[in-house]
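This is what each chain is made of:
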Amino acid sequence: MALTLGAIILNVPKTGPAAEFWSQALGFTPQAGNHDFLIPPSSARPTRLHLDETDRTHLDLWVDKETSTLQGEVDRLISLGAEHVEDWTYPPDADFVVLKSPDGTIFCLID
């Protein structure tokens, strides 16, 4: 295979504050020489590409059940400045929570 998924690009109003939030949220470190590129920890799982005909573009963040809980991660990310997306319609058996970063980027935490 000649191609690999190299990066996911998030359009943000200001890269500095976004880099601070996502670094703390995901444990990524800024790339030397370009703090707009965030490098995952070596222990990070590979990223899947999920195709969907009805949903908007967003990140799905999976909770590591061995080290945390869905509510624990929601609380941690809210303490970093994330907010609940209040007008999201959840299915009855939802195993996820929809949040937005301080700059409004929508993402899901999946249990």
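The structure under discussion appears in the preceding block.
This section reports on the structure supplied with the text. Because the structure is predicted, anything quoted here is derived from the model rather than measured. (Residues numbered from 1 in each chain as written. Predicted model: local features only at pLDDT ≥ 70, side-chain atom pairs only at ≥ 80, totals over all residues. Heavy atoms only, no water.)

### A short note on the sheet that holds strand 5 (residues 96-100)
Remark on secondary structure: sheet strands pair via backbone hydrogen bonds, oriented parallel or antiparallel. To keep things clear, this is the line we draw: A pair of strands is treated as paired once DSSP finds two or more bridges between them. Secondary structure follows DSSP: runs of H or I at least 4 residues long count as helices, runs of E at least 2 residues long count as strands, and numbering of each begins at the N terminus.
Read from one edge of the open sheet, four strands run 3-6-5-4, paired in mixed fashion. Both edges of this open sheet fall to strand 3 (59-62) and strand 4 (83-84), since each of them pairs with a single strand only. In terms of strand pairing, strand 5 meets strand 6 (residues 106-110) through five bridges, oriented antiparallel. Looking at strand 6, one finds that Lys 100 is bridged to Ile 106.

### Some words on a negative patch on the surface
Here is the rule: Patches in this entry comprise residues that are over 30% relatively accessible and not in a salt bridge; like charges within 9 Å are linked, as are nonpolar side chains (Val, Leu, Ile, Met, Phe, Trp, Tyr) within 5 Å. Only the protein chains shown count as cover for residues, with accessible areas throughout obtained via the Shrake-Rupley method and a probe of 1.4 Å. Salt bridges are defined as contacts in which a side-chain nitrogen from Lys or Arg sits within 4 Å of a carboxyl oxygen from Asp or Glu. Only four residue types enter the tally: Lys and Arg on the positive side, Asp and Glu on the negative side; His and the chain ends are excluded. To locate a charge, take NZ of a lysine, CZ of an arginine, CG of an aspartate or CD of a glutamate.
Residues Asp 52, Glu 53, Asp 55 and Asp 60 make up a contiguous surface patch of negative charge. Position of Asp 52 among the secondary structure elements: in the loop between strand 2 (34-39) and strand 3.

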